[in-house]
Amino acid sequence: MTEQDRVTVNDPRGPVNNGPGPQNVFYGAGSEWMIRKGVESLRIFREDRMRLADRFVPPVGYRVAADRLEKPGSVVLVEAPPGSGRRAAAIMLLHELGEDEGTNDEAVRFEELPATDKDEAPLAPGEGDRFLLDLSGIVDEEAYANAQRHLAVRRSQVQEAGAHMVVVLPSGMEHAHATDLEPPTVTLGRPRGVAVVTRYLRMDRMTFRPADLGSADLQRLYDRSPMRELARLAGLVRAARDSGRFGADFAGWLDQALHAVTDRAGEVGRQVATVRTTPERALLLATAVFEEARADTVYEAWHGLMRTVRHEEEATTELARTDFRERLAALEIERDPDGRLRFGRLAYADAVRTYFWVNFPGTRDDLRDWIGHAAGLRGLTTDDRVNVVVRFGERSLAVGRPDHLFDLVVRWANSATGTSCDPRAVAALELGLSHERFGGWFRRRMYECARSGPLSDGLVRVLTVACRQSLGATHPNQAMVRLHYLAVRKGEAAREAREALLDLGGRDRRLYRLLIDRLRDRTRRQPRGAEPHLRLLTELLRSDRAPDPPPWPDLFLAWETVFSQPPTELWKPMASSWLTAAAGDSTREMALGVMVGATRGRAAALHRLYAIACDWAGTARRPSRAAAVAALFWQHIDHAQYARTESTERAGAGPRTTEEAR
């Protein structure tokens, strides 16, 4: 079992850099990100959960929680100490409920919920849906009280719908628990550390004997280290094997990994203590951040760092100074045959980065500004740039500075030219969204940006891509809210947001209905500013956007909202698409009657639909079939007009005499 370093649920998988560079290994580490390099994905896709299941070691108390969760409508609260793998346990509790196929042609939802739901789409759970609510990062009593109020509402919704929810409670906040939290709370223990490491190594096809994992040093790690560190240890063993630089036997790989976990911080501290000058320390840090980049690029990044920290250049010419090769050798930095720089010891670069961010807090603003420029150096490959962004982001988040990472998201996005979307900004934002402690912070910042005043097209694009690729998979309701705010802006980037929103709404029936409700609400609530919402709604109501089979009651309500507005050209593609659909599939003919019924007999709406059908029939590819469909549509319109006329006459006729009644 393991503790994930993210903020939303998904597989605890992550990239593992199998090369000689820094090893970013987490519990469930596996698939690559965007190539998702160095980043744990949050997506709770089934294949990711299956990977976690292969590596999962149930903790004490797990079976009690599983038994309580099995009944439809169950909500189980779990508490466990930090580092015990409580998130992984929560994910597996939900995963082991069964297959993902749901009822009514809808897949079971498997999502993490935000601690609060301000201005978010409603939960609307369905039977069998599964939800994770992770409150473990809350440390403030007021925030916890607010979260518990939201929990009470969601708990009731989940119970009524026959869904399932697991809530991870914060550690050390027992005194602030609401009284109604106590009965269903299950306390989880710590899984056996040796079992976790063994499971990981076996999944990586390592050949070893049980006795190889029995040293006193390992036992101390088993007893004290967070699950993510035990997963990291196993990942480092694999990295040592795959690098080909640390021997050919398990004992040697394990020894390297053990030193990387236990000794690297002290080794870096001793080296920095002996390296006293700014150029030496700057080169050490630049190499750690840009490890595996070409030497000339690291050289350029090194000088950029010295300028950023305002180091005065030496008065002598470069030819009179210590040459670059000698500087590298003095710092035990290697240059491989391809001209790329690396440290000789496993995971040393990661330890160097950690040391500088922790022990030189006054330089963090400068480091942000340096990375803002250096991550764009011409000599960097796309992988190099992603590595740099991830390394900077991991350190900034580890010291509690998510704002530094978001600052760079905005800076890089705003500097994008044309219709491009800066991959550095996307990588940085997705890293923030995937962080266990700060993922909610990044979701809130996205929300604030989407609702704010003018945004650059570059930033709109980055927010859109993050919603489409990351947030839409982990928090689709929240992605829908943010995309809606972006989509009603002006400009080409907003058009891309509109397309992303409509694609998200068409992903399944639940999201489709949810988006219909949201657009109907905005169209009715904001009559003066209804046009952009109405435009989105009519686009969503086209035949090719609707699920199969179409949700006719929802379409009726949506069309009713559209036809309550004055006729516009927006109606034509919407109505024409259903006429075309009916011409090709007789089961879609029902749309004709539903659409006309939604006009509520409004004369202007009926006249406009009649004209649209005339135009459509005149340009259709299959004239005979089109004529039949148009005739059926006109018949519905005639009936609606007759019913309206008859109703009007009855309303205006007044009381009849007895003679008239005869």
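Parameters and conventions
- Residues numbered from 1 in each chain as written.
- Predicted model: local features only at pLDDT ≥ 70, side-chain atom pairs only at ≥ 80, totals over all residues.
- Heavy atoms only, no water.
- Helix = DSSP H or I, 4+ residues; strand = E, 2+ residues; numbered from the N terminus.
- Buried < 20%, exposed > 50% of the residue type's maximum accessible area, 1.4 Å probe, protein only.
- Contact = heavy atoms within 4.5 Å.
- Areas by Shrake-Rupley, 256 points an atom, 1.4 Å probe, with all protein chains shown as cover.
- Right-handed = clockwise from strand over helix to strand, strands pointing away.
- 1 Å grid on protein atoms, 1.4 Å probe; cavity = no way out; pocket = protein on both sides within 12 Å on 5 of 7 lines; lining within 4 Å.
- Points joined across faces, edges and corners; volume = space filled by probe spheres on them.
- Nonpolar A, V, L, I, M, F, W, Y, C, P; charged D, E, K, R; others polar.
- Pairing = 2+ DSSP bridges.
- Axes fitted to C-alpha atoms, helices over the stretch in contact; angles between N-to-C directions.
- Polar contact = N/O pair within 3.5 Å; in protein donor to acceptor, adjacent residues only side chain to side chain.
- Salt bridge = Lys/Arg side-chain N within 4 Å of Asp/Glu carboxyl O.
- Core = buried A, V, L, I, M, F, W, Y, C linked by side-chain atoms within 4.5 Å.
- Parallel < 35°, antiparallel > 145°, perpendicular 65-115°, else oblique.
- Left-handed = near helix turned anticlockwise from the far one by under 90°.
- Phe/Tyr/Trp six-rings, centres within 6.5 Å; stacked < 30°, edge-to-face > 60°.
- Lys NZ or Arg CZ within 6 Å of the ring centre and 35° of its normal.

### A short note on the overall build of the chain
Thought 1: Counting its secondary structure elements, the chain contains 30 helices and seven strands.
Thought 2: Per-residue burial over the chain gives 55% buried out of 662 residues.
Thought 3: Of all intrachain contacts in the chain linking residues separated by at least 6 positions in sequence, the fraction that spans at least 24 positions is 75%.
Thought 4: If you sum the accessible surface of the chain, you get close to 28,400 Å²; carbon and sulfur atoms cover 50% of it.

### With respect to the pairing of strand E4 (residues 164-168)
Thought 1: A large share of E4 lies buried, amounting to five of its five residues.
Thought 2: Burial along E4 is two-sided: the face carrying His164, Val166 and Val168 and the face carrying Met165 and Val167 are both buried.
Thought 3: The parallel pair strand E3 (residues 130-134) and E4, bridged by helix H5 (residues 141-161), forms a crossover whose chirality is right-handed.

### Thoughts on empty space enclosed by the protein
Thought 1: Following the criterion strictly, the structure yields two cavities of 30 Å³ or more and no others.
Thought 2: Put simply, the second largest cavity is a space of about 40 Å³.
Thought 3: At four residues, the largest contribution of residues to the lining of the second largest cavity is made by helix H16 (residues 382-398).
Thought 4: Split into classes, the residues belonging to the lining of the second largest cavity amount to four nonpolar, one polar and four charged.

### Section: the sheet that holds strand E5 (residues 185-187)
Thought 1: On the basis of which strands lie adjacent, the open sheet formed by five strands has the order E2-E3-E4-E1-E5 and parallel pairing. Sheet topology places strand E2 (110-112) and E5 at the edges, where each strand pairs with a single neighbour. Strand after strand, the sheet turns through a mean of 20° between neighbouring axes, direction not considered.
Thought 2: Relative to E5, strand E1 (residues 75-79) is paired through three bridges, and the arrangement is parallel. Note that in E5 the partner of Val78 across the bridge is Val186.
Thought 3: The sheet contacts of H5 involve E1, E3 and E4, and relative to E4 the element is tilted by about 155°.

### What about the side chain of Arg461?
Thought 1: Along the chain, the position of Arg461 falls in helix H20 (residues 457-474).
Thought 2: At a separation of 3.5 Å, a polar atom in the side chain of Arg461 contacts the main-chain carbonyl oxygen of Gly418.
Thought 3: Within the local environment of Arg461, its side chain forms a polar contact with the side chain of Glu496, the two groups lying 3.1 Å apart.

### Some remarks on the pattern of salt bridges
Thought 1: According to the stated counting rule, one finds 42 salt bridges in the structure shown.
Thought 2: Of the charged contacts, one joins Glu436 and Arg87 as a salt bridge, the two residues approaching to 4.0 Å between their closest N and O atoms. Linking Glu436 in the loop between helix H18 (423-433) and helix H19 (439-451) with Arg87 in helix H4 (residues 86-95), this pair joins segments that are 349 residues apart in sequence. Here Glu436 and Arg87 have matching classes, each one buried.
Thought 3: One salt bridge connects Glu334 with Arg342, and the closest N-O pair in it is separated by 3.5 Å.
Thought 4: Residue Glu334 is classed as partly exposed on the basis of its relative accessible area of 33%.

### A closer look at the nonpolar core
Thought 1: Phe290, Trp370, Ile371, Leu429, Leu541, Trp559 and Phe563 are the most contacted members of the largest nonpolar core, which totals 126 residues.
Thought 2: In this structure, Met206, Phe208, Leu254 and Ala260 belong to the second largest nonpolar core, which totals 29 residues.

### A closer look at the packing of H18 against H20
When two helices pack together, their arrangement is given by the angle between the helix axes and the distance between those axes.
Thought 1: At a closest axis distance of 10 Å, the pairing of H18 and H20 adopts a crossing angle of 50°. By the criterion of interaxial angle, the relationship of H18 to H20 is oblique. The interaxial crossing formed by H18 with H20 has right-handed handedness. Here Ala425, Val426, Leu429, Glu430 and Leu433 of H18 come into contact with H20, specifically with Val462, Leu463, Val465, Ala466, Gln469, Ser470 and Leu471.
Thought 2: Its residues placed into classes, the contact of H18 with H20 shows nine nonpolar, two polar and one charged.

### Notes on the packing of helix H17 (residues 402-414) against H20
Thought 1: Their axes nearest at 7 Å, the elements H17 and H20 cross at an angle of 125°. Viewed along their axes, H17 and H20 adopt a mutual orientation that is oblique. You can see that H17 and H20 cross each other, and the crossing is right-handed. On H20, the residues touching Val409, Val410, Ala413 and Asn414 of H17 are Gly458, Leu459 and Val462.
Thought 2: Residues belonging to the contact of H17 with H20 are distributed by class as follows: five nonpolar, two polar and no charged.

### Examining the packing of aromatic side chains
Thought 1: On inspection of all chains with the given rule, the structure shows 19 aromatic pairs.
Thought 2: Seen in terms of ring centroids, Trp559 and Trp578 are 5.6 Å apart; in terms of plane orientation they differ by 85°. Their pairing is edge-to-face. Of this pair, Trp559 sits in helix H25 (residues 552-563) while Trp578 sits in helix H26 (residues 571-584); the two residues are 19 residues apart in sequence, bridging distant segments of the chain.
Thought 3: Residue Trp559 is classed as buried on the basis of its relative accessible area, which comes to 0%.
Thought 4: Judged by its relative accessible area of 0%, Trp578 is buried.
Thought 5: By way of ring pairs, the aromatic residues Tyr299, Trp302 and Phe324 are connected into one cluster.
Thought 6: We note Arg345 situated over the ring of Tyr348; from NZ or CZ to the ring centre the distance is 4.3 Å.
Thought 7: Across from the ring centre of Tyr485, 5.7 Å away, lies the NZ or CZ of Arg518, which sits over that ring.

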